[in-house]
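Observations on the three-dimensional arrangement
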Amino acid sequence: MLELDLNIPCGDVALEEKLDLDDPLRHLKDDSELEGIIASEGLARASQSMSELLTVLPQQSHSVEDGLLKFSFTHEWESVPRPLSISLVVDASPGCGGLAWPAGQILASYLVQKGPEYLQDKNVLELGSGTGLVGLAVGVLAMEARGTWITDQAPLLPIMTRNVCLNRLEGRVHVAELNWGSSIPEDIPLPDVILAADCVYFEPAFPLLVKTLSDLSTSKTDIFFCYKKRRKADKRFFNMLRKHFSWKEVLDDPGRPIYSREAITMIQLFKLKA
Ligand SMILES: C[S@@+](CC[C@H](N)C(=O)[O-])C[C@H]1O[C@@H](n2cnc3c(N)ncnc32)[C@H](O)[C@@H]1O
């Protein structure tokens, strides 16, 4: 299990909280943070280290074609198109989720390598899907999955719906509004697998995200959570999380030595029995 350093100086956290309230998205606007994500005009704004991340991740590459971002994942699965390709409209106007963040690319890549058998007969739900990359990759990978739900706040739903159509995944990947902390819509079934990429960045949302993770899961749910460590205050998220979940780092991902250099970690959460 991961050990958390709880010796956070209170003064630092108080200052972080104040700055967060003044500008909730300040961590995502930091110039160095923007390096390596895919910008709204469809171009990678890559620093040396992050372009390395995006191009050296095993079995993954991306290109820009006709204004669309195209991700290709190579793999060994005979039943799945090779390479597994996802085309994405990216658009920063509805918010940070309209861009393709490295954690989402890493989680998608991990699931592709894990293979279709793992997802057979499962309901899969992604939280904070943004463009939908992770859930769309699951939709292509897992013909035998029961269903995949990509979820986010209302402003992101149009871009998610466009990306479902673009990849011809209607009927297999469902788009739904799910605001963390709110009750779970009745038409979303209890998932067997929950996915979340880069959802820890805004402190007021921490308890809401923990509540939704808890509402959606049982001790049998598989939860994969890929996040970038941005600041000391993120530890407060894990302090909230530990009341309902334990976790362990995912160690069997070949890309881990590369993305861990960028402070990105993938963990699997386990719901504690009540
Ligand atoms: C940094 S983006 C990551 C998007 C995507 N997972 C990726 O990796 O590219 C964070 C996502 O969380 C979503 N989000 C933030 N607060 C939320 C909330 N309270 N309820 C639902 N989604 C939320 C945002 O809309 C955004 O799509």
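Looking at an unreviewed UniProt entry, one finds the chain named Protein-lysine N-methyltransferase EFM6, with Agrocybe pediades as its source organism. As recorded by UniProt, the Sequence similarities (unreviewed entry) comment attached to the chain reads in full: "Belongs to the class I-like SAM-binding methyltransferase superfamily. METTL21 family. EFM6 subfamily." Per UniProt, the chain has the following entry under Function (unreviewed entry): "S-adenosyl-L-methionine-dependent protein-lysine N-methyltransferase that methylates elongation factor 1-alpha."

1. Quick look at the overall build of the chain
From N to C terminus, the chain includes eleven helices and ten strands. A total of 274 residues make up the chain; the buried ones form 38% of that total.

2. What about the UniProt feature "binding site: S-adenosyl-L-methionine" (unreviewed entry) in the chain?
Taking the UniProt record as the reference, the feature "binding site: S-adenosyl-L-methionine" (unreviewed entry) is found at Trp101, Gly128, Ser129, Gly130, Asp152, Trp180 and Ala197. Here serine 129 is to be found in the loop between β4 (123-127) and α7 (133-141). For serine 129, a count of 31 C-beta atoms within 10 Å translates into the label buried. Here tryptophan 180 lies in the loop between β6 (173-177) and β7 (193-197). Contact partners of tryptophan 180, with chain neighbours within four places excluded, come to Ala205, Leu208, Leu209 and Thr212.

3. Thoughts on the site of the ligand
What surrounds the ligand is a group of 23 residues, the closest being Gly97, Trp101, Gly104, Gly128 and Gly130. For the shell around the ligand, the residue count by class is twelve nonpolar, nine polar and two charged.

4. Observations regarding the sheet that holds strand β2 (residues 68-73)
Spatially, the three strands line up as an open sheet ordered β1-β2-β3, and their pairing is antiparallel. Either end of the sheet is taken by a strand with one partner, and the two such strands are β1 (60-65) and β3 (84-88). Neighbour-to-neighbour, the strand axes of this sheet turn through a mean angle of 20°, independent of strand direction. Both β1 and β2 contribute to a ladder of six bridges, which runs antiparallel. Considered in β2, the bridge of serine 63 is made with lysine 70. In this fold helix α5 (residues 102-114) packs onto β1, β2 and β3, with an angle of close to 35° to the strand it touches most, β2.

5. Some remarks on the nonpolar core
Across soluble globular proteins, nonpolar side chains have a tendency to be buried as a group. If you look at the biggest cluster of nonpolar residues, it comprises 68 residues, and the most contacted ones within it are Leu107, Ala137 and Cys226. Apart from residues no more than four positions distant in its own chain, leucine 107 is found in contact with Val134, Leu195, Ala197, Phe224, Cys226 and Met266.

6. So, the packing of α5 against α7
Look at α5 against α7: their axes get within 8 Å of each other, and the N-to-C directions meet at 15°. Taken together, α5 and α7 sit at an angle that is classed as roughly parallel. Where α5 crosses over α7, the handedness of that crossing is right-handed. Each of Gly104, Gln105, Leu107, Ala108, Leu111 and Val112 in α5 lies in contact with α7, whose residues at this interface are Leu133, Val134, Ala137, Val138 and Leu141. Here the residues of the contact of α5 with α7 are counted per class, giving nine nonpolar, two polar and no charged.

7. With respect to the sheet that holds strand β10 (residues 264-271)
The strand order across the open sheet built from seven strands is β6-β5-β4-β7-β8-β10-β9, with neighbouring strands paired in mixed fashion. Looking at the sheet topology across the chains shown, the edges are occupied by β6 and β9 (245-249). Taking each pair of neighbouring strands and ignoring which way they run, the sheet shows an average axis angle of 25°. Of the pairings in the sheet, the one linking strand β8 (residues 222-228) to β10 comprises six bridges and is antiparallel in character. Looking at the pairing, tyrosine 227 lines up with threonine 265 of β10.

Quick notes on the rules
- Residues numbered from 1 in each chain as written.
- Predicted model: local features only at pLDDT ≥ 70, side-chain atom pairs only at ≥ 80, totals over all residues.
- UniProt positions renumbered as here; feature names shortened; annotations may be inferred.
- Helix = DSSP H or I, 4+ residues; strand = E, 2+ residues; numbered from the N terminus.
- Buried ≥ 20, exposed ≤ 12 C-beta atoms within 10 Å, placed from the backbone.
- Contact = placed C-beta atoms within 7 Å.
- Near = placed C-beta within 6 Å.
- Nonpolar A, V, L, I, M, F, W, Y, C, P; charged D, E, K, R; others polar.
- Pairing = 2+ DSSP bridges.
- Axes fitted to C-alpha atoms, helices over the stretch in contact; angles between N-to-C directions.
- Core = buried A, V, L, I, M, F, W, Y, C linked by C-beta atoms within 7 Å.
- Parallel < 35°, antiparallel > 145°, perpendicular 65-115°, else oblique.
- Left-handed = near helix turned anticlockwise from the far one by under 90°.

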